[in-house]
Amino acid sequence: MTTDRHPRRKTAFVTGAGLLLALLATLALGLFPSPPVDIPAIFVFIVRVQVFVTTFNFVLLVALLWTYVSLYRELPNRYTRSLILLCIALVLYALTANPVVHLLFGFPPLGGSPFIVIPHAFVGVAIVVLFYQSQT
């Protein structure tokens, strides 16, 4: 089994990449057409923050999933497989909670779409995986 000799460097790189991609996604939000109704500035700010945070989480979770898959290839067992399932559920949560995804599917990011519920369903899957793993 190989270990990373520079975990701080790798963590800093992934975190920096996540911050950069989150910033780019937040800036790209301005490329979408403005809604026809006036939205209070606080709601626009909240959506931008949500885009930043969910994009950052998505990037970090994809890197974590990559790590777990690599670990599973070296050490295949139920626990590692559960970590992969947990991470997949959280990746899907971060993806479906991102307002940019809502806009891409034609729904407003402030509500009134199935994306209000879907992310929480993925968190439920993650909780079930954690509960199952804690019982075995």
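The rules we used
- Residues numbered from 1 in each chain as written.
- Predicted model: local features only at pLDDT ≥ 70, side-chain atom pairs only at ≥ 80, totals over all residues.
- Heavy atoms only, no water.
- Patch = residues over 30% accessible without salt bridge, like charges linked within 9 Å, V, L, I, M, F, W, Y side chains within 5 Å.
- Areas by Shrake-Rupley, 256 points an atom, 1.4 Å probe, with all protein chains shown as cover.
- Salt bridge = Lys/Arg side-chain N within 4 Å of Asp/Glu carboxyl O.
- Helix = DSSP H or I, 4+ residues; strand = E, 2+ residues; numbered from the N terminus.
- Axes fitted to C-alpha atoms, helices over the stretch in contact; angles between N-to-C directions.
- Parallel < 35°, antiparallel > 145°, perpendicular 65-115°, else oblique.
- Left-handed = near helix turned anticlockwise from the far one by under 90°.
- Contact = heavy atoms within 4.5 Å.
- Nonpolar A, V, L, I, M, F, W, Y, C, P; charged D, E, K, R; others polar.
- Core = buried A, V, L, I, M, F, W, Y, C linked by side-chain atoms within 4.5 Å.
- Buried < 20%, exposed > 50% of the residue type's maximum accessible area, 1.4 Å probe, protein only.
- Expected span 1.5 Å × (residues − 1).
- Polar contact = N/O pair within 3.5 Å; in protein donor to acceptor, adjacent residues only side chain to side chain.
- pLDDT = per-residue confidence, 0-100.

### Quick word on a nonpolar patch on the surface
Move 1: A contiguous nonpolar patch, built from Ile42, Phe43, Phe45, Ile46, Val49 and Val53 and spanning about 540 Å² of accessible area, is present on the exposed surface.
Move 2: Following the sequence through the fold, isoleucine 46 ends up in helix H2 (residues 41-74).

### Observations regarding the packing of H2 against helix H3 (residues 78-97)
Move 1: The contact between H2 and H3 brings their axes to 8 Å, and the two run at 160°. Relative to H3, H2 is oriented roughly antiparallel. In the crossing of H2 with H3, the sense of the turn from one axis to the other is left-handed. Residues Gln50, Thr54, Asn57, Phe58, Leu61, Val62, Leu64, Leu65, Tyr68, Val69, Leu71 and Tyr72 of H2 lie in contact with H3, whose contacting residues are Thr80, Arg81, Leu83, Ile84, Cys87, Ile88, Leu90, Val91, Ala94, Leu95 and Ala97.
Move 2: Looking at the contact of H2 with H3, its residues break down into 18 nonpolar, four polar and one charged.

### A few points about the nonpolar core
Move 1: Counting eight residues, the largest nonpolar core is built from Leu61, Leu65, Tyr68, Leu83, Ile84, Cys87, Val91 and Ala94.
Move 2: Sorting the residues of this core by element identifies H2 and H3 as the ones contributing at least two each.
Move 3: One finds Leu29, Val47, Val51 and Val100 within the second-largest nonpolar core, a separate group that totals five residues.

### Section: the environment of alanine 126
Move 1: Mapping alanine 126 onto the fold places it in helix H5 (residues 118-135).
Move 2: For the pair alanine 126 and leucine 85, spaced 41 residues apart in sequence, the C-alpha separation works out to 7.5 Å.
Move 3: Excluding its chain neighbours within four sequence positions, the residues that come into contact with alanine 126 are Leu86, Ala89 and Leu90.

### Section: H3
The periodicity of an α-helix, 3.6 residues per turn, causes residues three or four places apart in sequence to face the same way.
Move 1: Compared with an ideal rise of 1.5 Å per residue, which puts 20 residues at 28 Å, H3 spans 28 Å between its outermost C-alpha atoms and is within 8% of the ideal.
Move 2: Three or more residues of H3 are buried, namely Thr80, Ser82, Leu83, Ile84, Leu86, Cys87, Ala89, Val91, Ala94, Thr96 and Ala97.
Move 3: Here H3 starts with a cap whose side-chain oxygen sits 3.1 Å from the backbone nitrogen of tyrosine 79, and that cap is asparagine 77.

### Some details on the confidence of the model for the chain
Atomic detail in the predicted coordinates should be set aside for any region of low pLDDT.
Move 1: Taken over all residues, the pLDDT of the chain has a mean of 83, while the share at 70 or more is 85%.
Move 2: Across the chain, element-level confidence peaks in H3 with a mean pLDDT of 91 and bottoms out in H5 with 77.

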